[in-house]
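# Remarks on the overall topology
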Amino acid sequence: MKKETLDDFLRFYIPAALALSLLLFMLAQIYLRLYIDEVEHIHSSWLITQGLVPYRDFFQHHHPLLWYLLLPLVKFINSDVTLHLAGRWLMFAGSCCTLFFTKKIAELFIKQKVIVRTALLFTLANPVFILKSDIRPDVFMTAFFYAGLYNTLLYLADFQRKHLTRAFFLFAIAFLFLQKVLIPCFAVGLVLLYFLFSKKALWKDVFIAFIPAGILLLLFFTYFIFNGAWNAYFQLNWTLNLLWPRSKDMDLLSFLAIAYFSFAIISSLFMIKKETVSGKITAFLFLAIFTLIQITCTEYLQYYLYVIPLSAICAAQGMFYNKYAKITGILWLNLMIFTIIEAALNPNFSLAGEKSHDLLRAIEKQTAHDDVIFCGSSNFCNMRHKDIDYYWFSLHRGAIHAQKYISRPYPDLEKAIKTKMPKIIYYKEPLFDVDKLIYEDKTEYLLRLDKDWLKKYYEPLGFEDFWVRKK
């Protein structure tokens, strides 16, 4: 294929593929099934509306800013299905902010608009970006991190302290959404240290610029100290998470999403050699953050969310180095887009979303505001009802670990259920095996209910393994 013919094709292909990817992303907000994590964060927000303080009054091991952001939706939207969709569109707005700052970062050293658009396409076409931009703090953490990174790059271009001040403050906000932002911030710190020790940047700028961010973080920590939640906050957000069992199980989607980084890695190596300062920093940050993610040995795909835009910029820039790179880039883009289309055309894609919402409607119909709900080990249906215990989700892993660090014993689930008589129960025999990563020498069951007792007081809700208390 001639270079001119290939360039003409790309001028048509990039905008068309970008529009298709955006459409698929928007459809995912509506049809993608309800995830456990989404219920977790909506429910945490609802618990705050009931006057509870995170960590002190209910179990959590994430930072809280997303729950406060969701408060208006949780408080003023009556339908759980509508609340879920509204939360999804809020996350869509956060993802659009990430795309905006991806564009701004790329434009710092890329002058060709087609390459900038390609960077947006590599971001938006990544299956992880679409599937993990649901209701989770990673979305806004990533958005604020990239806003901060853009201002950091501006500072390293002109050394005006105002850019660094904004960058630190935005990084601090990202931290309030999720503590894992420290991983990419560590890589940014390495870049700043290089400029400081090479005397291209001033230590005075760093210390003064950090003051507003420091005040914000001080207010955050002070809130939990004065509310008697500091010890629980520290143990659950840091000790528990650092010792959380990890594995590297990988399905086909995970492999495709991560294998794509190989093209970005090769491109970034060329960028470090060829590009301007901003381009070199972008390439280094991608390689550093990607390496740090591998070191953490995470099994969760959302950890890759905050490296995707950087990898997309590297992949897009590398794609336009020569004809063969362009062809390779087109093949990678097609593979990612077809992966998303295949998932969207799968009947289970929309069916799972519809079933999730049908379940929420059925629970709403059967329950009152003060009813207690028990939705199994991971709480995948209780958005705005009371729980049976301080520990209410991640009962198979997080809660078992957490009891080692805070003065909250693991609940006797059978006793709690028979005492509080939840209006809705999710139960199958047995409920869940304790993770062998936690108890390597034995396997126990979290809950075994007497089926005769269950049938005496409960009847099927109409969804598999869900029971509603008899009237």
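Numbers given for residues are sequential positions, taken from 1 along each chain in its written order. Selection of residues for local features in this predicted model requires a pLDDT of at least 70, selection of side-chain atom pairs for listing and counting requires 80 or more, and totals for whole chains, interfaces and linings are taken over all residues. Note: side-chain values were computed over all heavy atoms of the structure, leaving out hydrogens and water.

### Points about the state of the cysteines
As a reminder, the rule being used: Any two cysteine sulfur atoms lying within 2.5 Å of each other are counted as a disulfide. Exposed residues in this analysis have more than 50% of their type's maximum accessible area, buried residues have under 20%, and partly exposed residues fall in between, with area computed by a 1.4 Å probe over protein chains only.
All told, the structure shown has one disulfide when counted by the stated rule. The disulfide bridge from C375 ends at C381, spanning 1.6 Å between sulfur atoms. Here the disulfide of C375 and C381 is left-handed, its torsion about the S-S bond being about -50 degrees. Lacking any disulfide linkage, C96 is separated from the closest cysteine sulfur, that of C97, by 7.2 Å. Taking relative accessible area as the criterion, C96 reaches 31% and is therefore assigned partly exposed. Summary of cysteine pairing: C314 is not part of a disulfide, and the nearest cysteine sulfur, belonging to C185, is at 18 Å. Assessed through its relative accessible area of 0%, C314 is described here as buried.

### Things to note about the pattern of salt bridges
The condition is simple: Should a side-chain nitrogen of Lys or Arg be within 4 Å of a carboxyl oxygen of Asp or Glu, the pair is scored as a salt bridge. Going along the chain from the N terminus, every DSSP run of H or I of four or more residues is numbered as a helix, and every run of E of two or more is numbered as a strand.
This structure, assessed with the given rule, holds eleven salt bridges. The partner of K418 in a salt bridge is E414, and the shortest N-O contact between them spans 2.9 Å. With K418 and E414 both in helix α20 (residues 413-420), this residue pair falls four residues apart, about one helical turn. Under the relative-accessibility criterion, E414 is labelled partly exposed at 30%. Where salt bridges share partners, they join D37, D134 and R136 into one cluster.

### Describing the sheet that holds strand β4 (residues 466-469)
The condition is simple: Pairing between two strands is assigned when DSSP locates at least 2 bridges connecting them.
The four strands are arranged β1-β2-β4-β3 in an open sheet whose pairing can be described as mixed. In this open sheet, the two edge strands, each paired with only one partner strand, are β1 (373-374) and β3 (458-460). In this sheet, β4 lies alongside strand β2 (residues 424-426) in antiparallel orientation, the contact comprising three bridges. Note that in β4 the partner of I424 across the bridge is V468.

### Notes on unusual backbone geometry
Positive phi, normally seen in glycine, also occurs at Y55, with a value near 75 degrees. For Y55, a relative accessible area of 0% puts it in the buried group. Located in the positive-phi region is S394, a residue other than glycine, with phi close to 55 degrees. Residue placement: S394 occurs in the loop between β1 and α19 (398-402). Using a relative accessible area of 9% as the deciding quantity, one classes S394 as buried.

### Looking at empty space enclosed by the protein
So the rule is basically this: Note on definitions: the grid is 1 Å and covers protein atoms alone; a cavity is a set of points where a 1.4 Å probe fits but cannot get out; a pocket is an open set with protein on both sides within 12 Å along at least five of seven lines; lining residues have an atom within 4 Å of a point. Grid points are joined across faces, edges and corners, and a volume is the space filled by probe spheres set on the points. Side-chain classes are defined by residue name, with Ala, Val, Leu, Ile, Met, Phe, Trp, Tyr, Cys and Pro counting as nonpolar, Asp, Glu, Lys and Arg as charged, and the others, Gly among them, as polar.
Summed over all chains, the structure comprises one cavity of 30 Å³ or more. Lining the largest cavity, in full, are I373, F374, C375, G376, N379, D387, I388, D389, Y391, W392 and L395. Here the lining of the largest cavity is composed, by residue class, of seven nonpolar, two polar and two charged.

### Here we look at the side chain of H41
Basically, it comes down to this: Polar contact is defined as a pair of N or O atoms within 3.5 Å, subject to the rule that within protein one atom must be able to donate a hydrogen and the other to accept it, and that residues adjacent in sequence are counted only when both atoms are side-chain atoms.
Tracing the chain through its elements places H41 in helix α2 (residues 36-49). Among the residues examined, H41 registers a relative accessible area of 2% and is labelled buried. Of note is the side chain of H41, whose polar atom sits 3.0 Å from the side chain of W67.

### Side note on the side chain of D387
Just so we agree on the cut-off: In this tally Asp and Glu are treated as negative and Lys and Arg as positive; neither His nor the chain ends contributes.
Its location among the elements puts D387 in the loop between β1 and α19. Buried and without a salt bridge, D387 has K420 as its closest oppositely charged side chain, separated by 8.7 Å. A polar atom in the side chain of D387 sits 2.8 Å from the side chain of H43. A distance of 3.0 Å separates a polar atom in the side chain of D387 from a polar atom in the side chain of N382.

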